[in-house]
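# Descriptive structure summary
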Amino acid sequence: MRKILIVGAGQSGLQLALGLQSRGYEITLMSNRTADEIRTGRVMSTQCMFHTALQHERDLGIDFWESQAPRIEGLGVSVAGPDSSRLVDWVGRLDGYAQSVDQRVKMAGWMEVFARRGGQLVIHGAAVGDLDYFSRGYDLVLVAAGKGELVSMFGRDAARSPYAEPQRALSVAYVHGLGPRPEHPEFDAVRCNVVPGVGELFVMPTLTTSGRADILFWEGVPGGPVDAFQGVKDPSKHLALTLELMETFLPWEYARATRVELTDAGGTLAGRYAPTVRNPVGRLPGGGLVLGVADVVVANDPVTGQGSNSASKCAAAYLAAIVEHGERPFDEEWMRATFDRYWETARHVTKWTNAMLAPPPEHVLNLLGAGNVLQPIADRFANGFNDPADFENFFYEPEKTAAYLASIAPN
């Protein structure tokens, strides 16, 4: 039985651990927190997952909250004008619904299932020196902890990382009491609100520790008016600032948020990081090799909502590569080939996300505007969140955008 160590108990680490465990591998999972500490701690992300990523969980039989979480059937885009009016406002329907489950619920639950099924769970905040010692007892070491000292083992890939600094200041608030969007009260949708030059506000339904809730997620251009959450430690002040910015820039979203309250004292989060692609293979001081997983090696800005989706897809790709490899050694050649397998998916996410962080060119503005009157555009853009590779066909190049618009415009 092959022994594998996975460091990090997030979406990718736990999904991979449970998948390998179900196939008979001897798995040790290392987490810096217990399940109870995760469940009662601070929110960690927004984690809206689309059909393909959710299917990976279904395939492993670990979609434990699917019947409880709100079904997100649409994705809408609004663009604010200088006078805070809506220049663009449409909603595309998803071919397969999306869902968001608070990672405090999911990761704590998955961790308990892993332990209950006989997995070895080690609660320890691992450093590079720890891995150097532990790695000698395992056939493969996977690093799925995207923050802290361990990430330093994986050098930045400058050719794939155009941004050296954070491109957005991030702030999240989980709330109860948000009213429905009057345009489509009959179904749930993620709403992406763009304020040119200022940032974006995402509003999405979720399942949290206290049941159904909604997430208010600001992405502010650094140095701009929405880059205002650094140093705000009090959760109530964080929410008040979130709402104040909504009232100023997005009054139509503020109108349904006048009665909201935080889900819990841990329901806020703020921070920033530079989008970075890293070398997938890390070398330990003793010469051993470790393979980076998900956002350890491909960390995109959350502006396109791909973090948990990419983590799920990475875990699925790595699981298949490990199982297919049989009893052969997990050498550097295999590690790089395994990452390349994931990069075939991840490269589309990185290209799209980096494009969305820049001011939109004229042809993209024309495309978004056309979504107001041509429903197929709205639907195709929405479904690109599930399969970002499709944006190659109609989004990046003015000629392809023009050809697509011409193909669906009424005669």
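To keep things clear, this report deals only with the structure shown in the data block. (Residues numbered from 1 in each chain as written. Predicted model: local features only at pLDDT ≥ 70, side-chain atom pairs only at ≥ 80, totals over all residues. Heavy atoms only, no water.)

### A few points about the side chain of glutamine 15
Structurally, glutamine 15 can be placed in helix α1 (residues 11–22). Take glutamine 15: its relative accessible area is 2%, and that puts it in the buried class. Once residues lying within four places of it in the same chain are set aside, the contact partners of glutamine 15 are Gly10, His56, Glu57, Leu60, Ile62, Trp110, Ser312, Ala315 and Ala316. (Helix = DSSP H or I, 4+ residues; strand = E, 2+ residues; numbered from the N terminus. Buried < 20%, exposed > 50% of the residue type's maximum accessible area, 1.4 Å probe, protein only. Contact = heavy atoms within 4.5 Å.)

### What to know about the sheet that holds strand β7 (residues 140–143)
With mixed pairing, the six strands of this open sheet are ordered in space as β6-β2-β1-β7-β16-β15. Looking along the sheet, the strands with just one partner apiece sit at the ends: β6 (120–123) and β15 (281–283). Shown here is a sheet whose adjacent strand axes are inclined to one another by a mean of 25°, direction ignored. Relative to the sheet, α1 contacts β1 (3–7), β2 (26–31) and β7, its axis offset from that of β2 by approximately 160°. Against the sheet, helix α9 (residues 332–357) engages β7, β15 and β16 (289–292), with an angle of about 5° to β16. (Pairing = 2+ DSSP bridges. Axes fitted to C-alpha atoms, helices over the stretch in contact; angles between N-to-C directions.)

### Some points on the packing of aromatic side chains
In the structure shown here, the tally under the stated rule is 17 aromatic pairs. Between tryptophan 352 and phenylalanine 391 the ring centres are 4.4 Å apart and the planes differ by 20°, which places this aromatic pair in the stacked class. Taken as a pair, tryptophan 352 in helix α9 and phenylalanine 391 in the loop between α11 (375–383) and α12 (398–408) lie far apart in primary sequence, 39 residues in all. The exposure class assigned to phenylalanine 391 is buried, which follows from its relative accessible area of 0%. One aromatic cluster is present, formed by Phe50, Trp90, Trp352, Phe381, Phe385, Phe391, Phe394, Phe395, Tyr396 and Tyr404 through successive ring pairs. The side chain of arginine 93 reaches across the aromatic face of phenylalanine 187, ending 3.9 Å from its centre. (Phe/Tyr/Trp six-rings, centres within 6.5 Å; stacked < 30°, edge-to-face > 60°. Lys NZ or Arg CZ within 6 Å of the ring centre and 35° of its normal.)

### Brief notes about the nonpolar core
Membership of the largest hydrophobic core comes to 65 residues, with the highest contact counts inside it found for Leu131, Leu142 and Tyr318. Residue contributions to this core peak at eight residues, all from helix α8 (residues 307–325). Residue contacts for tyrosine 318: discarding those within four places in its chain leaves Leu16, Leu142, Leu291, Gly292, Val293, Val297, Thr338, Phe339 and Tyr342. Cys48, Leu170, Phe217 and Tyr396 belong to the second largest nonpolar core, which has 40 residues in total. (Core = buried A, V, L, I, M, F, W, Y, C linked by side-chain atoms within 4.5 Å.)

### Topic: the side chain of lysine 313
Within the secondary structure, lysine 313 sits in helix α8. Here lysine 313 sits buried without a salt bridge, and the closest side chain of opposite charge, aspartate 387, lies 6.1 Å off (N-O distance). Excluding anything up to four places from it in sequence, lysine 313 contacts Thr52, His56, Tyr342, Thr345, Asn386 and Pro388. (Lys, Arg positive; Asp, Glu negative; His and termini not counted. Salt bridge = Lys/Arg side-chain N within 4 Å of Asp/Glu carboxyl O.)

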